[in-house]
Amino acid sequence: MKKILIYIVPVMISMIWLVLTHETYNPISLKGPEFLKFYVMLLLGFYLSAIILKSLKEGPSKITFYFMMFILMIGIVKLIKGLMIGKPVGYLIVLLIIQGIVILYQSSSRVNIKQKEI
């Protein structure tokens, strides 16, 4: 339960920023630079909370993976929307590639931890 609460904090901060600055609950409706601000805020907040959990000796779990996939899916939806309307999406692609690498690294390290336990 503690992990869920710590991971929800950056999501809530990002959503509060979204509502206060753009008066919407839908991040997909934002234009490019504003969506990137929202997305980077969400990513940095999430990874900061993951670092905090790691410093508290909490290892990665399925919850971590699900939150990472949730954030990745938001980016992919916005990427598809941007490609469909012909907007430049280069920065978003770079962020998604970096996030994909982190997800692969995280899931492979979790598998290695499980193998060491056996």
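Everything quoted here is computed from the prediction, not taken from an experiment.

Moving on to the overall build of the protein chain. For the protein chain, the count of helices and strands is four helices and zero strands. Within the span of the protein chain, comprising 118 residues, buried residues form 31% of the whole. Once local pairs closer than 6 in sequence are excluded, the contacts in the protein chain between residues at least 24 apart make up 69%. Summed over all atoms, the accessible surface of the protein chain reaches about 7,900 Å², with 74% contributed by carbon and sulfur.

Bringing the environment of Leu96 into the picture now. Counting through the fold element by element, Leu96 comes out in helix 4 (residues 90-117). Overall, the relative accessible area of 10% leaves Leu96 in the buried class. As a C-alpha pair, Leu96 and Leu72 span 24 residues in sequence and 6.8 Å in three-dimensional space. Excluding its chain neighbours within four sequence positions, the residues that come into contact with Leu96 are Tyr39, Leu72, Gly75, Ile76 and Leu79.

Another point: helix 3 (residues 62-84). With 23 residues, helix 3 ought to run about 33 Å at 1.5 Å a step, and its terminal C-alpha atoms sit 33 Å apart, in line with that. Regarding helix 3, the residues found buried are Thr64, Phe67, Met68, Ile71, Leu72, Ile74, Gly75, Lys78, Leu79 and Gly82. The positive-phi residue at the C-terminal boundary of helix 3 is Gly86, with phi of around 75°.

Take the side chain of Thr24 next. Position of Thr24 among the secondary structure elements: in the loop between helix 1 (2-22) and helix 2 (32-55). Only 3.1 Å separates the side chain of Thr24 from the backbone nitrogen of Asn26, close enough to count as a polar contact.

Bringing the packing of aromatic side chains into the picture now. Applying the stated criterion across every chain yields a total of seven aromatic pairs. Ring geometry for Tyr7 against Phe67: centres 5.4 Å apart, planes inclined by 40°, an arrangement best described as tilted. In this pair, Tyr7 is assigned in helix 1 and Phe67 in helix 3, connecting sequence segments 60 residues apart. Exposure class is identical for Tyr7 and Phe67. Each is buried. Sitting above the plane of the Phe35 ring, Lys78 keeps its charged end 5.5 Å from the centroid.

Note on backbone geometry: most residues besides glycine have negative phi, and most peptide bonds are trans. Here Glu23, not a glycine, exhibits a phi torsion of approximately 55°, which is positive. Structurally, Glu23 can be placed in the loop between helix 1 and helix 2.

Another point: helix 2. The end-to-end C-alpha separation of helix 2 is 34 Å, in line with the 34 Å expected for 24 residues at 1.5 Å each. Among the residues of helix 2, Phe35, Phe38, Tyr39, Leu42, Leu43, Gly45, Phe46, Ser49 and Leu53 are the ones counted as buried. Directly beyond the C-terminal end of helix 2, a positive phi value near 65° is found at Lys57.

Attention now moves to the side chain of Thr64. With respect to the element layout, Thr64 can be found in helix 3. Of note is the side chain of Thr64, whose polar atom sits 2.8 Å from the side chain of Tyr7. Dropping the residues within four chain positions of it, Thr64 is found in contact with Tyr7, Phe46 and Gln106.

Parameters and conventions
Residues numbered from 1 in each chain as written. Predicted model: local features only at pLDDT ≥ 70, side-chain atom pairs only at ≥ 80, totals over all residues. Heavy atoms only, no water. Helix = DSSP H or I, 4+ residues; strand = E, 2+ residues; numbered from the N terminus. Buried < 20%, exposed > 50% of the residue type's maximum accessible area, 1.4 Å probe, protein only. Contact = heavy atoms within 4.5 Å. Areas by Shrake-Rupley, 256 points an atom, 1.4 Å probe, with all protein chains shown as cover. Expected span 1.5 Å × (residues − 1). Polar contact = N/O pair within 3.5 Å; in protein donor to acceptor, adjacent residues only side chain to side chain. Phe/Tyr/Trp six-rings, centres within 6.5 Å; stacked < 30°, edge-to-face > 60°. Lys NZ or Arg CZ within 6 Å of the ring centre and 35° of its normal.

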